[in-house]
Each structure stands twice: as structure tokens, then as C-alpha cells.
Amino acid sequence: MNMQPDTRKGLSDADRAEIERLCSTMTKPTPGKISNKIGRDVGTVAWFMITHGLIERRIRYDGPGSYIQGGKVVYRYTEEHDRRIVAMRRDGKNVREIAAAVSQEFGITRTPHSIDVRLKMLAAYEGGPEGEA
């Protein structure tokens, strides 16, 4: 039963339970397949899967250093950036402090939200610098 994505923000408890059920029963669960089944936005489903350990991906540092999205230049995180933010977090810095420091150090504006999301991605994905001490 494929559905059109629901434009409401967030997931209900029923949505979360269904995502977890589908992840445990599907042969190859992906955010796209699951979002089609439950009628929710693929990005919302992917974020839930990432932050709840339901998806396996690796941090990759290949590809272009920047790209245009929505008319704005987006700068990818490099391995050096990730090492720095993880080290600062381990030193007890909060996301606001980390964002200010790395923005100045690397000359790329990073918001506290961007740092928070990146730290969550690094914690959820395999192969990022968080595993190195």
C-alpha cells in the first residue's frame, strides 16, 4: 500500500512503531521503501532510522567539497572537521562553542544545529572519526 507523503512534521508513536517493525521484518529496509509504505517523508523516516540505530551506513569523505542546494553553497564536512568537532565535544564543549570555533578555524560558517546533527550522524554511522581516540 503506497501512500503519498504526509506533510505533517514529526512522527507519531504509531509511525515509530511501524518503522521499527518494518526494519525488523523487511529483507532490505530502506528509508525510501518504508516512507512509501507508511506515507511519511523519506527524510523524516531516514532521520528516525539513523538516530535509532536502524540503518547501517558509513561516513564517506569522497565527493565534491561543496555543492549548491536551494541556491546556497553547502560545504561538506571533511575528516579534519569531524575530528575537530568530536575532539571538542569530548573536551566538554557545547554545540554553540564548537560551531563558533570551527567556523573561525575553517572559515566555513557552521551553526550549532549543524554541529548537533553532524555529531548525531557520526555517532550513528560507522567509520567516522568518533571511533578513533
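The structure this text deals with has already been given above.
Just so it is clear, the model here is predicted, and its values are computed rather than measured.

1. Quick word on empty space enclosed by the protein
Move 1: One pass over the full model with this rule turns up one cavity of 30 Å³ or more.
Move 2: If you trace the largest cavity, you find it lined by Tyr77, His81, Val102, Phe106, Ile108 and Arg110.
Move 3: Here the lining of the largest cavity is built from residues that sort into four nonpolar, one polar and one charged.

2. Quick look at the layout of surface pockets
Move 1: What the largest pocket holds in volume is close to 810 Å³.
Move 2: Tyr67, Val74, Tyr75, Arg76 and Tyr77 are the residues nearest the centre of the largest pocket, which is lined by 29 residues in total.
Move 3: Going through the elements one at a time, β1 (66-69), β2 (72-75) and α6 (112-124) are the ones with two or more residues in the lining of the largest pocket.
Move 4: Counting residues per element, the lining of the largest pocket draws most heavily on α6, at five residues.
Move 5: The residue makeup of the lining of the largest pocket, split by class, is 12 nonpolar, eight polar and nine charged.

3. With respect to helix α2 (residues 31-38)
Move 1: Regarding α2, the residues found buried are Pro31, Ile34, Ser35 and Ile38. In an axial view of α2, the angular spread of the buried residues amounts to 100 degrees, which keeps them on one side of the axis.
Move 2: Where α2 is buried, its residues touch α1 (13-25) and α3 (42-51).
Move 3: Looking at the residues trailing α2, positive phi occurs at Gly39, about 70 degrees.

4. Some words on the nonpolar core
Move 1: Grouped together as the largest cluster of nonpolar side chains are 26 residues, with contacts concentrated most on Ile19, Ile34, Met49, Ile85, Ile98, Ile115 and Leu119.
Move 2: Those elements giving two or more residues to this core turn out to be α1, α2, α3, α4 (79-90), α5 (95-106) and α6.
Move 3: For Ile85, the contacting residues outside a window of four places in its chain are Tyr77, Ile98, Val102, Ile115, Arg118, Leu119 and Leu122.

5. Some thoughts on the pattern of salt bridges
A side chain with one charge can pair with a side chain of the opposite charge if their charged atoms come near.
Move 1: Evaluation of the coordinates by the stated rule reveals eight salt bridges.
Move 2: Arg40 is paired through a salt bridge with Asp15; the nearest N and O atoms lie 2.9 Å apart. Placement of the pair is Arg40 in the loop between α2 and α3 and Asp15 in helix α1, with a sequence separation of 25 residues.
Move 3: Here Glu79 and Arg83 are joined by a salt bridge, their closest N and O atoms 2.5 Å apart. Pair noted here: Glu79 and Arg83 are both in helix α4, with a separation of four residues, about one helical turn.

6. Topic: the packing of α4 against α6
Move 1: Interaxial distance between α4 and α6 falls to 11 Å at its minimum, and their mutual angle equals 95 degrees. In this view, α4 runs roughly perpendicular relative to α6, as classed from their interaxial angle. Touching Asp82, Ile85, Val86 and Arg89 of α4 are Ile115, Arg118, Leu119 and Leu122, all from α6.

Basis of the calculations
Residues numbered from 1 in each chain as written. Predicted model: local features only at pLDDT ≥ 70, side-chain atom pairs only at ≥ 80, totals over all residues. Heavy atoms only, no water. 1 Å grid on protein atoms, 1.4 Å probe; cavity = no way out; pocket = protein on both sides within 12 Å on 5 of 7 lines; lining within 4 Å. Points joined across faces, edges and corners; volume = space filled by probe spheres on them. Nonpolar A, V, L, I, M, F, W, Y, C, P; charged D, E, K, R; others polar. Helix = DSSP H or I, 4+ residues; strand = E, 2+ residues; numbered from the N terminus. Buried < 20%, exposed > 50% of the residue type's maximum accessible area, 1.4 Å probe, protein only. Arc of directions from axis to C-beta. Contact = heavy atoms within 4.5 Å. Core = buried A, V, L, I, M, F, W, Y, C linked by side-chain atoms within 4.5 Å. Salt bridge = Lys/Arg side-chain N within 4 Å of Asp/Glu carboxyl O. Axes fitted to C-alpha atoms, helices over the stretch in contact; angles between N-to-C directions. Parallel < 35°, antiparallel > 145°, perpendicular 65-115°, else oblique.

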